[in-house]
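# Results of the structural survey
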Amino acid sequence: MSAIITDEILDNTLILAKLEMDDNQRMQAKNDMERMLEYIDKLNELDTEGIDAMSHSFNQVNCFREDIVTNEDDTENILSNAPQKENNMFVVPKTF
């Protein structure tokens, strides 16, 4: 399948990307986009039957630690250094 980028598609893409291009840049962008789509078509020719989908390139199940609460209610200690406090909260200057 031949990848064709129309002027309308290019215009919509430029609007979404908030870009402005002159005629030479538009032609180059159009060619680049068509080449990208042709490459994707080429990748679609690969036989991927029986290959599991990957979400990560490394064979890791979960590399994140569990969230463990270590200071459940240390409000008094946290507020002990506050310059001003009120109703168990920090008092900060208003910002506009």
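Whatever comes next refers back to the structure up there.
Along every chain, residues carry numbers that run from 1 in the direction the sequence is written. At least 70 in pLDDT is required for a residue's local features to be given in this predicted model, at least 80 for side-chain atom pairs to be given and counted, and no such filter applies to totals for whole chains, interfaces and linings, which use all residues. In computing side-chain properties, one takes all heavy atoms of the structure into account and sets aside hydrogens as well as water.

### Details of the packing of helix α1 (residues 7-17) against helix α2 (residues 23-44)
In a pair of packed helices, the angle between the axes and the distance between the axes together describe the arrangement. Applicable threshold: The axes are straight lines fitted to the C-alpha atoms, using for helices just the contacting stretch, and the angles between their N-to-C directions are given from 0 to 180°. Strands are runs of DSSP state E lasting at least 2 residues, helices are runs of H or I lasting at least 4, and numbering of each runs from the N terminus. Any angle between 65 and 115 degrees counts as roughly perpendicular, while under 35 counts as roughly parallel, over 145 as roughly antiparallel, and the rest as oblique. Any pair of residues with heavy atoms lying within 4.5 Å of one another is described as a contacting pair. In this count, Pro and Cys sit with the nonpolar residues alongside Ala, Val, Leu, Ile, Met, Phe, Trp and Tyr, while Asp, Glu, Lys and Arg are called charged and the others, Gly among them, polar.
Running from N to C, α1 and α2 cross one another at 100°; their axes reach a closest spacing of 11 Å. By the angle between their axes, α1 is roughly perpendicular relative to α2. Packed against α1, whose contacting residues are Asp-7, Leu-10, Asp-11, Thr-13 and Leu-14, the element α2 presents Arg-26, Ala-29, Lys-30 and Met-33 at the interface. In terms of residue class, the contact of α1 with α2 is made up of four nonpolar, one polar and four charged.

### Points about the pattern of salt bridges
Note the threshold: Any carboxyl oxygen of Asp or Glu that lies within 4 Å of a side-chain nitrogen of Lys or Arg is treated as forming a salt bridge with it. Remark: exposure states derive from per-residue accessible area (1.4 Å probe, protein chains only) relative to the maximum for the residue type, with buried under 20%, exposed over 50%, and partly exposed in between.
Overall, the coordinates contain four salt bridges when judged by the stated rule. The partner of Asp-11 in a salt bridge is Arg-26, and the shortest N-O contact between them spans 2.7 Å. Note that Asp-11 is positioned in helix α1 and Arg-26 in helix α2, a separation of 15 residues in sequence. Residue classification places Asp-11 among the partly exposed residues on the basis of a relative accessible area of 32%. The partner of Asp-32 in a salt bridge is Arg-35, with the nearest N and O atoms 3.3 Å apart. One end of the pair is Asp-32 and the other is Arg-35, both in helix α2 and three residues apart, which spans about a single turn. Overall, the relative accessible area of 54% leaves Arg-35 in the exposed class.

### Comments concerning unusual backbone geometry
Notably, Lys-18 is not glycine yet its phi reads approximately 55°, a positive angle. Structurally, the position occupied by Lys-18 is in the loop between α1 and α2. Of the residues examined, Lys-18 reaches a relative accessible area of 76% and is grouped as exposed. Phi is positive for Asn-87, close to 55°, though the residue is something other than glycine. Mapped onto the fold, Asn-87 is located in the loop between β1 (85-86) and β2 (89-90).

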